[in-house]
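# Results of the structural survey
So the chains spell out like this:
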Amino acid sequence: MNDKITILDTTLRDGEQSAGVNFTQSDKLEIARALEAMRIDVIEAGFPAASAAEFANVKAVAKDVRGAAICALSRAVAEDVDAAGEALKGAASPRIHIFLNASDMQLEHQLRKKREDVRALADAMVRRARNYVADVEFSAMDATRADPDFLAEIVRTAIAAGAGTINLPDTVGYVLPHQLHAMMVDLRSRVPELDGVCMSFHGQDDLGLSTANTIEAVRAGARQVELTVNGIGERAGNTALEEVVVALTLHGPSLGVRVDVDTTKISALSQLVAERSGMPVAPNKALVGRNAFRHASGIHQNGVIKKRETFEWIDPKMVGNTRGTEIVLGKLSGRAGFLARVHALGLKLTASKEEETFARFQELADRQRVVEDAEVRAICLQGA
Ligand code: KIV
């Protein structure tokens, strides 16, 4: 039986850390319900200690959404842990997620604490969180830039204090896939206790490598991955949920893993998050971009018309794309694409008219970005 990968969606927490995004309570509820409907395992709803409104938002999601675990973020600070515990009181499956810097860069220059103090804090705050909930996640922030000895120490401490999930974030999007793999293998050999808990990965996309890193983390034994819809998040964003979920759905069996997510809800969710966040999706964004299933070049169009899988191996229906495969007519289109559209529009061209009509199409296509159906119709009727 393939191992199940737990999907933690953090659109409502780390996704909201995108510059300029501010989800209202109704946004959070709407997005959380959509995530629940697609069977996301854990929804990170927010950071209750951040503000009174954020506390109320997490509380509202915790009460409303019963089909997923609801997670609240907390610094390793007693007041934060208490706020998270209180906000989650109504949840069916509550989780507190405590994070602490692990790299010397962040310990010295941001947190300004010594390693021994950080270790003591990890121990005390995980134990404090366990007084509220059975399910505690611990993140060793900036794990990929941390000293391996200290990383092992802090992870060991968090597990001993009762953390059931150990998350290893690539906080600044620094690591390369093979380095991450080596880091995880090394950490598992230093901390055999990791075998008794869930190892998790959280990738940022500063180098555009977060999806590749997340898949590599799974190959190295991670059994939880942390994602956001459309990859929204700090700076260049987080790891895109749609990319990892579809990649693991399609390639999971060859990796010995499975995900249990309804992928047909992905397109609608992507649009919802784009609207509520005010962050439009780039046309070339994998799976959810406007161009993800559109074909512009003649060679590709020719192949797709004969058999879709020649240049489009993922079925648009898989992600709930209602437009389906599209042939976009333009200057790179060939005769096959043009004639397919002529037929689709219910028009007929005699063999003698085909040549001159296609020449008229090419002449127009050279002058503009896209040739629309009305223009194809006009071109065909011109010579009739
Ligand atoms: O990027 C990061 O390291 C985080 C942690 C709190 C998981 O968001």
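In this numbering scheme, every chain counts its residues from 1 along its sequence in written order. With pLDDT at 70 or above as the cut-off, local features in this predicted model cover only qualifying residues; side-chain atom pairs require 80 or more to be listed or tallied, and sums for whole chains, interfaces and linings still use all residues.

### Focus on the overall build of the protein
Comment: elements are numbered from the N terminus, with helices defined as DSSP H or I runs of at least four residues and strands as E runs of at least two. If you tally the helices and strands in the protein, you get 14 helices and 12 strands. For every residue, the other C-beta atoms within 10 Å of its own C-beta are counted; 20 or more classify it as buried, 12 or fewer as exposed, and values in between as partly exposed. C-beta atoms are placed from the backbone. Looking at the 384 residues of the protein, the share that counts as buried comes to 46%. Distance between backbone-placed C-beta atoms decides contact: two residues are in contact if it is within 7 Å. Pairs at least 24 apart in sequence give 73% of the contacts found in the protein among residues at least 6 apart.

### Quick notes on helix H6 (residues 148-161)
By this rule, a helix spans an expected 1.5 Å times one less than how many residues it contains. Look at H6: 20 Å from first C-alpha to last across 14 residues, which is about the 20 Å you get at 1.5 Å a residue. For H6, the full list of buried residues reads Leu-151, Glu-153, Ile-154, Val-155, Thr-157 and Ala-158. Where H6 is buried, its residues touch helix H5 (115-130), strand S6 (135-141), strand S7 (165-170) and helix H7 (177-190). Backbone geometry just after H6 places Gly-162 at a positive phi near 120 degrees.

### A short note on the sheet that holds strand S5 (residues 94-101)
Reading around the barrel, the 8 strands line up as S2-S3-S4-S5-S6-S7-S8-S9 and close back on themselves, with parallel pairing between neighbours. In this sheet, adjacent strand axes meet at a mean angle of 25 degrees when their direction is disregarded. As defined by bridge partners, strand S4 (residues 69-75) adjoins S5 across 6 bridges and the pair is classed as parallel. Within the sheet, the bridge partner assigned to Ala-72 lies in S5 and is Ile-96. Lines fitted to the C-alpha atoms define the axes, with helices restricted to the stretch that makes contact. Angles between their N-to-C directions range from 0 to 180 degrees. Against the sheet, helix H2 (residues 52-64) engages strand S3 (42-46), S4 and S5, with an angle of about 155 degrees to S3. The pairing criterion for strands is at least two bridges between them, as found by DSSP.

### Quick look at the UniProt feature "domain: Pyruvate carboxyltransferase" (unreviewed entry) in the protein
UniProt positions are given in the numbering used here, feature names are shortened, and annotations may be inferred rather than shown by experiment. Sequence positions flagged by UniProt for "domain: Pyruvate carboxyltransferase" (unreviewed entry) are, in local numbering, residues 5-267. Regarding residues 5-267, the helix share stands at 44% and the strand share at 19%, and the terminal C-alpha atoms are separated by 21 Å.

### Quick look at the site of the ligand
Using a C-beta atom placed from the backbone for every residue, we mark a residue as near a molecule or strand if that atom lies within 6 Å of it. In the neighbourhood of the ligand, the contacting residues comprise Asp-14, Phe-99, Ser-139, Met-141, Asn-167, Pro-169, Thr-171, His-202 and Gln-204. Every element with two or more residues in the shell around the ligand is listed here: S6 and S7. Among the residues making up the shell around the ligand, the classes are represented as 3 nonpolar, 5 polar and 1 charged. Three residue categories are used. Nonpolar comprises Ala, Val, Leu, Ile, Met, Phe, Trp, Tyr, Cys and Pro, charged comprises Asp, Glu, Lys and Arg, and polar comprises the others, including Gly.

### Remarks on the environment of Leu-107
Mapped onto the secondary structure, Leu-107 falls in helix H4 (residues 104-111). Considered as a pair, Leu-107 and Ala-359 are 252 residues apart in the sequence and their alpha carbons are 67 Å apart.

### Some words on helix H10 (residues 266-277)
Between its first and last C-alpha atoms H10 spans 16 Å; for 12 residues at 1.5 Å apiece the expected length is 16 Å, and the two agree. Those residues of H10 that fall on the buried side of the exposure criterion are Ile-266, Ser-267, Leu-269, Ser-270, Leu-272, Val-273 and Ser-277. Tucked inside the fold, the buried residues of H10 contact helix H1 (25-37) and helix H9 (241-255). One or two residues past the end of H10 sits Gly-278, with phi positive at roughly 75 degrees.

### Considerations on unusual backbone geometry
Within the chain, Asp-142 stands out as a residue other than glycine whose phi angle is a positive 65 degrees. By the secondary structure assignment, Asp-142 is in the loop between S6 and H6. For Leu-287, which is not a glycine, the phi torsion comes out positive at approximately 70 degrees. Tracing the chain through its elements places Leu-287 in the loop between H10 and strand S11 (294-295). According to the C-beta neighbour criterion, Leu-287 is buried, with 24 such atoms within 10 Å.

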